[in-house]
Structures are given as structure tokens and as C-alpha cells.
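Per-entry structural report
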Amino acid sequence: TSVNLWPGVADAVSIPLIAAGGIVDGRGIAAALALGAEGVQLGTRFALTEESSASRAYKEAAVGAGEADARLYLRSYMPTRSLVGEYVRNAIDAEANGASREDLAELRGAGRARRGIFEGDRDGGEMEIGQAAGRVDRILPAAEAMKQLVEEYRRADASLPTRKQGGNN
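Attention here is on the structure that accompanies the text.

About the thresholds
- Residues numbered from 1 in each chain as written.
- Predicted model: local features only at pLDDT ≥ 70, side-chain atom pairs only at ≥ 80, totals over all residues.
- Heavy atoms only, no water.
- Helix = DSSP H or I, 4+ residues; strand = E, 2+ residues; numbered from the N terminus.
- Buried < 20%, exposed > 50% of the residue type's maximum accessible area, 1.4 Å probe, protein only.
- Contact = heavy atoms within 4.5 Å.
- Areas by Shrake-Rupley, 256 points an atom, 1.4 Å probe, with all protein chains shown as cover.
- Lys, Arg positive; Asp, Glu negative; His and termini not counted.
- Charge placed at Lys NZ, Arg CZ, Asp CG, Glu CD.
- Axes fitted to C-alpha atoms, helices over the stretch in contact; angles between N-to-C directions.
- Parallel < 35°, antiparallel > 145°, perpendicular 65-115°, else oblique.
- Left-handed = near helix turned anticlockwise from the far one by under 90°.
- Nonpolar A, V, L, I, M, F, W, Y, C, P; charged D, E, K, R; others polar.
- Pairing = 2+ DSSP bridges.
- Salt bridge = Lys/Arg side-chain N within 4 Å of Asp/Glu carboxyl O.
- Patch = residues over 30% accessible without salt bridge, like charges linked within 9 Å, V, L, I, M, F, W, Y side chains within 5 Å.

**A short note on the overall build of the chain**
Check the secondary structure of the chain and you find 8 helices and 5 strands. Of the regular secondary structure in the chain, the N- to C-terminal order runs α-β-α-β-α-α-β-β-α-α-α-β-α. Considered along the principal axes of its C-alpha atoms, the chain spans approximately 60 × 35 × 25 Å. Each of the 169 residues in the chain was classed as buried or not, and the buried ones make up 35%. By sequence separation, contacts in the chain at least 24 residues apart represent 55% of the contacts at least 6 residues apart. Approximately 9800 Å² of the chain is accessible, and the part contributed by carbon and sulfur atoms is 49%. Taking the average place of the 21 positive charges on the side chains of the chain and the average place of its 24 negative ones, the gap between the two points comes to 5 Å.

If you want it as C-alpha cells, here you go:
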């Protein structure tokens, strides 16, 4: 997961690190900051808010999903994580059976994400979702999601042990 990369990237670059991937709550924000990030990007948490332009069908499928319901596929062409429907199953099978990049490009076609996310077509579209699939359990207004994130972050930050200078704690 990306969390393993954040410390090394933070050490290697002189620009602010914005951590992304798998962050859906305040604990994830605290972890990213502790590992060297100066900010975070939360995709899935905000895609699953009332104000998001994603279809209601996408939001409900994503909120009802478990971690096993999302798969990374098209690894040899265009790695994408999506909820599994007929199209995704077909793409996984095609790749496993040795389909060429050209065949995979044709199978993917155009507009798959639009069909899945914005039109709610789970079988014919691609319902992209992040590494934290299954960890968002409610569709909230964005303001409420933000308030929850801040409260969770404060609790996580307050629960971290404090180290005294020169101590071995």
C-alpha cells in the first residue's frame, strides 16, 4: 500500500508531500502526517458524500462493499481498482488468459468510468474505488464528513504517546 512509501518519499523530496491512498478517516490523516506528509487527499470519503457528482447507485454499491468487493485489474495495461461487476470480471479473465495490451484497450473502451460512477452501471461500467473500499459505511453531507474527520484526527493525535526529549519512552 502507499502508506509504506510515504516516509521514503518525504525524505527524498524537498516539496510538500501530499499523501493519498487508503485514507478515509482521521486516524489515516494522523498516520500520514506522522509519516512525513504535509497534507492528504481523500478520494473515496468525499466521492461518497451527498454532494458528490457520483450516481446514487455507485455510492450505495461502494458503501455496501467490503474490501474483497474491489479488485485491482488491468495491471498490464492501466491498473485500476474497481468494484467487481460483469465488465471487470471479463477484463480480469481476459488478462489472466494472456490478452494483449491492444485487446485490453479495446475491452476497456471509452467511457467505462462514466458508465460506472456517474450512471451507476455496475456490470457495464467501471466503479473505481480506492484502497479503502468497505471502510466508508455511510453517505454523509460533506460538512458532516469533514467534521467527523477533524474529530477523529484530534482523537487519534491525542492518543499518541508523547516522547520526552532525551528519554527512551
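**Re helix H2 (residues 26-34)**
Among the residues making up H2, those that are buried are Gly26, Gly28, Ile29, Ala30 and Ala32. Lining the buried residues of H2 we find helix H1 (6-12), strand S1 (18-20), strand S2 (39-41) and helix H8 (142-159).

**Quick word on the packing of H2 against H8**
Two elements in contact, H2 and H8, have axes separated by 7 Å at closest approach and are oriented at 55°. Judged on the interaxial angle alone, H8 and H2 are oblique. Handedness of the crossing formed by H2 with H8: right-handed. For the pair H2 and H8, contact is made by Gly26, Arg27, Ile29, Ala30 and Leu33 and by Leu149, Glu152, Tyr153 and Ala156, respectively. Of the residues assigned to the contact of H2 with H8, the class counts are 6 nonpolar, 1 polar and 2 charged.

**Concerning the pairing of strand S4 (residues 80-83)**
For strand S3 (residues 70-73) and S4, the ladder comprises 4 bridges, and the chain directions are antiparallel. When the bridges of S4 are listed, Arg71 appears paired with Ser82. Joining the antiparallel neighbours S3 and S4 is a turn of 6 residues, in which Leu74 adopts a positive phi near 55°. Looking at chain direction, S4 and strand S5 (residues 127-128) are connected through 2 bridges and run antiparallel. Bridging across to S5, Ser82 finds its partner in Glu128.

**Quick notes on the pattern of salt bridges**
Evaluated as defined, the whole model comprises 8 salt bridges. The shortest N-O distance in the salt bridge between Glu50 and Arg56 comes to 3.3 Å. Overall, the relative accessible area of 39% leaves Glu50 in the partly exposed class. Residue classification places Arg56 among the partly exposed positions, given a relative accessible area of 42%. With a closest N to O distance of 2.7 Å, Arg108 and Glu126 form a salt bridge. With a gap of 18 residues between them, Arg108 in helix H6 (residues 101-108) and Glu126 in the loop between helix H7 (112-118) and S5 connect regions that are remote in the sequence.

**Digging into the sheet that holds S3**
The strand order S3-S4-S5 describes an open sheet built from 3 strands, whose pairing is antiparallel. Only two strands of the sheet have a single partner each, and these edge strands are S3 and S5.

**Considering a nonpolar patch on the surface**
Judged by side-chain polarity, Leu5, Val9, Val13 and Ile15 come together as a nonpolar surface patch covering roughly 350 Å² of accessible area. As for its position among the elements, Ile15 is in the loop between H1 and S1. The class of Ile15 is exposed, set by a relative accessible area of 59%.

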